[in-house]
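Structural overview for review
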Amino acid sequence: MAPIDTPEAPLKSSSAPENSSSMGQLVVDVALRVLLFATALVAVIIMVTSKQTKMIPVAPGLVVPLDAKFDHSPAFIYFVAALSVACLYSIITGVLSVFALMRGGSSTKMQFHFVMFDALLLGIVAAATGAAGGVAYIGLKGNSHTRWNKICNTYGSFCFHFASSILLSLVSSITLLLLVWLSIYVLSKKIARR
């Protein structure tokens, strides 16, 4: 048999697959930053709007209205502040990621800064989530040794609000962890090419 002459397809340059994978990583980066923004914003809104007033008997025949609000606990205030910072940070880095996507790729310097600040913010958000979770647990179960009474049996709606907010904050923490991993992966690929 005679060989069939077919025109050979031009060889693709090695930068094309790297560029397309880099663009895919940037799209994932932007999507994760949008998810971080959405979860942090909704968690802040839920926590800030969580207020419940109940009529509590303090003496026989004497009933007073008592409020349960997020600003009654320093841990919840820290939680709102940390998630507000995460919200602002996600807007800034999301815009930077979109510009990098439009430009055709991100720089190594930008990825390095993303790793540092994502890791820093992960620590802040995780600490705030842990602090708020600790206070929430005391509110749910109480502590008989210190005579801290549980409040979730009285302020059920308030407890549901801050539990939802803490759950969303956990999603924000996981999103930040994924962003750190993604940035480290992108940096390692860039360093390996050099």
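All of the points below concern the structure found in this document. (Residues numbered from 1 in each chain as written. Predicted model: local features only at pLDDT ≥ 70, side-chain atom pairs only at ≥ 80, totals over all residues. Heavy atoms only, no water.)

1. A word on the packing of helix H2 (residues 74-103) against helix H3 (residues 108-141)
Test applied: In this analysis, axes come from line fits to C-alpha atoms, helices being fitted only over the stretch in contact, and the angle between any two N-to-C directions falls in the range 0 to 180 degrees. Segments assigned H or I by DSSP are reported as helices when at least four residues long, segments assigned E as strands when at least two residues long, and all are numbered from the N terminus. Put simply, angles under 35 degrees are roughly parallel, angles over 145 are roughly antiparallel, angles from 65 to 115 are roughly perpendicular, and the rest are oblique. Less than a right angle of anticlockwise turn of the near helix away from the far helix marks a crossing as left-handed, whereas a clockwise turn marks it as right-handed. Three classes are used, and their members are as follows: Ala, Val, Leu, Ile, Met, Phe, Trp, Tyr, Cys and Pro are nonpolar, Asp, Glu, Lys and Arg are charged, and the others, Gly among them, are polar.
With their axes 9 Å apart at the nearest point, H2 and H3 run at an angle of 155° to one another. The angle between H2 and H3 places the two elements in the roughly antiparallel class. For H2 against H3, the interelement crossing comes out left-handed. Here the residues of the contact of H2 with H3 are counted per class, giving 23 nonpolar, three polar and one charged.

2. Thoughts on H3
Test applied: The span expected for a helix works out to 1.5 Å for each residue beyond the first.
Between its first and last C-alpha, H3 extends 48 Å over 34 residues, near the 50 Å set by a 1.5 Å rise per residue. Once H3 ends, the next one or two residues include Gly142, with phi positive near 75°.

3. Some words on the packing of aromatic side chains
So the rule is basically this: The criterion for an aromatic pair is that two Phe, Tyr or Trp rings (for Trp, the six-membered ring) have centres within 6.5 Å, with stacked assigned to planes under 30 degrees apart, edge-to-face to planes over 60 apart and tilted to the rest. Burial status follows relative accessibility: with a 1.4 Å probe on protein chains alone, a residue under 20% of its type maximum counts as buried, one over 50% as exposed, and anything between as partly exposed.
Taken as a whole and judged by the stated rule, the model has three aromatic pairs. Ring geometry for Phe76 and Phe162: centres 5.1 Å apart, planes at 40°, overall tilted. With a gap of 86 residues between them, Phe76 in helix H2 and Phe162 in helix H4 (residues 156-193) connect regions that are remote in the sequence. Exposure class is identical for Phe76 and Phe162. Each is buried.

4. A look at the nonpolar core
Selection criterion: Put simply, a nonpolar core is a bunch of buried Ala, Val, Leu, Ile, Met, Phe, Trp, Tyr and Cys residues held in one set by side-chain atoms that sit within 4.5 Å of each other.
Counting residues in each nonpolar core, the largest one holds 33 residues, and the members touching the most others are Met47, Phe76, Phe79, Leu83, Phe162 and Leu176. Listing elements by their share of this core, those giving two or more residues are helix H1 (15-48), H2, H3 and H4.

5. Observations concerning the packing of H2 against H4
Applied cut-off: In this analysis, two residues are considered to be in contact whenever any of their non-hydrogen atoms come within 4.5 Å of each other.
Running from N to C, H2 and H4 cross one another at 40°; their axes reach a closest spacing of 12 Å. Classified by the angle their axes make, H2 and H4 are oblique. In this structure, H2 crosses over H4, and the sense of that crossing is left-handed. Two secondary-structure elements touch here, H2 through Phe76, Phe79 and Leu83 and H4 through Phe158, Phe162, Ser165, Ile166 and Ser169.

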